[in-house]
Each structure stands twice: as structure tokens, then as C-alpha cells.
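So you can see what is in the structure, the chains are spelled out below.
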Amino acid sequence: MKKLKIASSLAALTMLTVLFTGCPSKVSEEPDIFAIGKPGSCGITLRDTKEAFTIFESTSASDVVTNADGSITWIATAAGGGGGGVSFYAKSNHEEINIANYKSIELEFAYAPVSGKWNADAQKPGFCLRILPYDSTGLFGGFEDLEYFDSTKKSGIIKYTVNIPDDFADKIVSSADFDSVLGFALKFNDYNRGNDNGDQLKIQLKNVKFNAKENAPADEPFNDGLSASDYGTVVSINYPTHDYTVASSEWTEADSYNKHAWVYLPAGYNANDTSKKYPVFILLHGFGQNENTWGLTDQGRGGKIKGYMDRGMKTGEVEKFILVVATGVASKQWGPNGGGMDFNGFNAFGPELRNDLLPYINENFNTKTGRDNVALAGLSMGGGQTFTIGIGECLDIISNFAGFSGALFDTADDFITGVEENAKFDGLKIHNLYMTCGDNDSMVYSTYPSYVEAMKEWTRVENFVDYTFPGGTHDFPVWYHGFSDFIKIVFQDGVQLY
């Protein structure tokens, strides 16, 4: 079968132009826009109470500095559409607010391309105001984009009010089940704007103000209704593997290493109770990403997908299972915390999955064995791996699959033909296959409808479900929705067990 072509991840919505006061381009020539004011003059205002900014996390951002006036300065870097930024808590004590109580957010910030670090043919800088629900783990670890907007000059100071649509709280609830919000992020938008990877933009966030609706009630502390015993746990593992892009006859000690992954264990999991076993779900990331991308972590609330699993398992909507979030790069370039940009490593992941990762999970955790108790899914490039490696190479050990905006570049007919010609797969069924993609995804949607139609007709597939995300781009709102859908389809009593 043909190998995947590179597809980068993370996308944007429609850009909106804003009015601003601005100056010419070079940072060094326009120091006044980054001038430092009086101490305490900058910060975040919430219901007429002003506090200093409290940084949540930064991604693809360097030189993050808290200035004497309370403003925050950083250098954001273009990164294949996932431009850099900094996220902030709404409250310094990290308590949530209810986004339904607010009508608008006022922004004031200065910006300018870094001299010598900007493609002259790129569009003028663009930005995104991103809202972080209660289960977010950072800039890309669970979010909803509130608005994308453009500058009209190359550098300057933007003062802009972002109105919160009436249905935005519903959008947050559909993504996170609650309208509780931890904070916000200001992100440099480098998606399809002519920027080179590595282009840099200096940003100084001066003031942010959340404007409450008239007679809005007080914000309520977050409460998901679960008790301590209802929460699963997340553990960190390091499993032995080696570089599968190197011929076995040429392996050296340097080609062997221990590789990190995250494992979610459902509430009530007891390592000593080997009579209770669980199915396994392997989850993959996209190109340029790693095992941290899905936001699953052993810190804080553990991330958005942990919330989906905890709540679903508590209500019984989802049968308990073990989730493994791994890096799908089978080479020395995997990391740790690597960029996931080794294309050969992506294509070589099948033997690692078969020989190293799944055996390690089965040996060290209480798992149900057999292909009918294993699921594989991924986003973007990981969605492509789910098809080409999961179905194309590992159908004898896995029977449940999902592609979230999968990077699929063979035709559906060629893909099916390749699987059908593999004699070792004779008689093996795909018990569950799920596909989702946003209809505004400029990266992979062109191949999606033809695959959906072909999968519906493929007799090897017993249960096929698809969902086209209205207005969805190549981004996490689509992928989180897909994850939530898939676990409800597969992990139900009697569904995945044959």
C-alpha cells in the first residue's frame, strides 16, 4: 500500500478585520508601542475587579516576560498553522467563570514582526482569541475559538472588543458538558497566511476586560457531580522499543530506547484484581505533534478526554476501558516531547505497535486479549495511520477503528483493494469503523466523502458510523467530538466483544 503524504495539523476559522492604531514594521524602530506604563496599570478586569495576569501555559512562544506595569510580552513563532501564544487564567486563584454570564471581552495589545524573522510576502499579522473550558490543559489542550481577527498594518496597538455570541455558551457545553471556563488564550494565527515556520511576532498583552451581562448571576464553582471514587487515574509509562526505520541487521545500542506514553485507568481499576480485565484503546496524534497533544495528563483535572471518559463511565454510557495515548513515530526522532515530524517514523509504526506497545500494555495491565478488545484511532496523520497501519497492517490484532480528519491520500478503492489482497486478513471483519471530518477542513476534506461512501459499502465493515462536523476545520473541536462519539459507539457492553 502507498505511504501517507505529510499533512500538518491545526487550522483556523474565517478571519475578521479589526480597526487599530498602528505603526510601521520593525520592532527596533518603534519602541513606543511596547512602552512600559505605571506599575499595576495592566492586567485583567473581571466584574470591575482588576488583577494581575496569571499565566496558564505558553506554546511556541519564547521570551515570556511579566513587565513592571503588569503587561505580558512574548515572542510567538509560526509553526505550521499552530502559531504560538500564551494562555491565561480568568482568575488568579484559578477558579472558573461561567461564560454564559458574559457578553464581550475587550483586548488591548501591541504587536510587531521581529526584524529579520518575517516572510515579506506573508499577510499582515492575524490573531485568535481562544476560550479555555474547565478541562483545558493549555493553549491546545481543549479549547473553543471565540474569534479570529486580522490587523490592517504590519505593527501597532490593537484595541478591540470581541462580542460573545448568544450561542457560544451552548458551544462550550457541547464540547465540555459545562459552561465553566478557566481562562483564555491570545494566539498568533499563521494558518494559510504565507508565514514560514519560524516566523516570529512580538506581542505585548496590556489589558483584558470581561464584560458581564446586565443582572448576570455570580459565577459558580465548577461541579461535575462526580465523587473522588468516580475519577479514573492517568499514569505515565516508558516501554522498551527501538528505531524501526533502521534495518534490523543494522541495529545498534543507540537504536534502542524506552518510549513515553500516557495510560488512563478507569475508576475502580485494581492492579491486583486480575479477574477484572478491560479492553484497550490506542490513541494517536497528528503530524508535528506527540503523546501530549491530546491533553491527557496526570496533572490537574487530566484533560478534556479524561472528563469524557470519567463522566461516561460513571453514567454507564461508556463501558470501562484502558486508554493509551502514544507517540506514533517509530524512530529515534519520537522525542521525548518531540515534534513528531519524522515521516518515515510514522510509516514504520506498525511493527512497534504490534511487537512492543500492545505486548507491553497486555503484560503490565489487566487487559482483555484478542483483536475484538482492541481499538485504534487518531487525528490527522494519526487518522491516516489508523487506516494504513491499523487496518492495512494490523487487522489481525485490532478490530475497532476511528479516523478523525484522517490524512488519506490513496483512493478509497485502492485502499480497499490493498486490504482485500492480504491473505492473512481473510475472513477478518472490521467490527466498528468511525469517521469524522469538518466540512470546512481545507487539508483533508477533499478525500473524506469518497471514503465515507466506500466504507458504507465495504462488506468487511460490520458497523460504520460517520459524522460531518458543520463548519469544522482541521482542529481539535472536531477531534474531541469524534473521540466522544467513538467511545460511546465502541465501548458498550456487548458491542466490541465477539
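Right, let's walk through the structure included here.

What counts and what doesn't
Residues numbered from 1 in each chain as written. Predicted model: local features only at pLDDT ≥ 70, side-chain atom pairs only at ≥ 80, totals over all residues. Heavy atoms only, no water. 1 Å grid on protein atoms, 1.4 Å probe; cavity = no way out; pocket = protein on both sides within 12 Å on 5 of 7 lines; lining within 4 Å. Points joined across faces, edges and corners; volume = space filled by probe spheres on them. Helix = DSSP H or I, 4+ residues; strand = E, 2+ residues; numbered from the N terminus. Axes fitted to C-alpha atoms, helices over the stretch in contact; angles between N-to-C directions. Parallel < 35°, antiparallel > 145°, perpendicular 65-115°, else oblique. Contact = heavy atoms within 4.5 Å. Nonpolar A, V, L, I, M, F, W, Y, C, P; charged D, E, K, R; others polar. Buried < 20%, exposed > 50% of the residue type's maximum accessible area, 1.4 Å probe, protein only. Arc of directions from axis to C-beta. Pairing = 2+ DSSP bridges.

## Comments concerning the layout of surface pockets
Okay, so step 1: Taken as a whole, the largest pocket spans an internal volume of roughly 790 Å³.
Okay, so step 2: If you trace the largest pocket, you find 39 residues lining it, with Glu57, Thr59, Phe140, Asn292 and Thr293 closest to the centre.
Okay, so step 3: Per-element tally for the lining of the largest pocket: the top contributor is strand E5 (residues 55-59), with three residues.
Okay, so step 4: The space that makes up the second largest pocket amounts to roughly 470 Å³.

## Observations concerning the packing of helix H6 (residues 412-420) against helix H7 (residues 448-457)
Okay, so step 1: Interhelical geometry of H6 versus H7 gives an angle of 40 degrees and a closest axis separation of 9 Å. Viewed along their axes, H6 and H7 adopt a mutual orientation that is oblique. Facing Ala412, Phe415 and Ile416 of H6, the residues of H7 in contact are Ser450, Tyr451, Ala454 and Met455.
Okay, so step 2: Per-class residue counts for the contact of H6 with H7 are six nonpolar, one polar and no charged.

## Examining helix H1 (residues 168-176)
Okay, so step 1: Turning to H1, its buried residues are Phe168, Ala169, Ile172, Ser175 and Ala176. Seen along its axis, H1 keeps its buried residues to an arc of 125 degrees; they face one direction. Exposed side of H1, more than 90 degrees from the buried face: Asp170 and Ser174 are the residues found there.
Okay, so step 2: Looking at the buried residues of H1, the elements they touch are strand E11 (126-133), strand E12 (144-150) and helix H2 (304-315).

## Section: the sheet that holds strand E16 (residues 233-242)
Strand pairing in a sheet is mediated by backbone hydrogen bonds. Such pairs are either parallel or antiparallel.
Okay, so step 1: The eight strands are arranged E16-E17-E19-E18-E20-E21-E22-E23 in an open sheet whose pairing can be described as mixed. In this open sheet, the two strands that pair with only one neighbour each are E16 and strand E23 (464-469). Geometrically, the sheet is characterised by an average inter-axis angle of 20 degrees between neighbouring strands, direction not taken into account.
Okay, so step 2: Sheet analysis places strand E17 (residues 256-265) next to strand E19 (residues 322-326), joined by four bridges and oriented antiparallel. Across the sheet, Ala261 pairs through a bridge with Ala326, a residue of E19.
Okay, so step 3: This element, H7, spans strand E22 (432-438) and E23 of the sheet and lies at about 160 degrees to E23.
Okay, so step 4: In the packing of helix H8 (residues 476-490) onto the sheet, the strands contacted are strand E18 (280-284), E19, strand E20 (374-379), strand E21 (400-404), E22 and E23, and the crossing angle to E22 comes to about 160 degrees.

Limitation: the analysis is restricted to geometry and does not speak to function.
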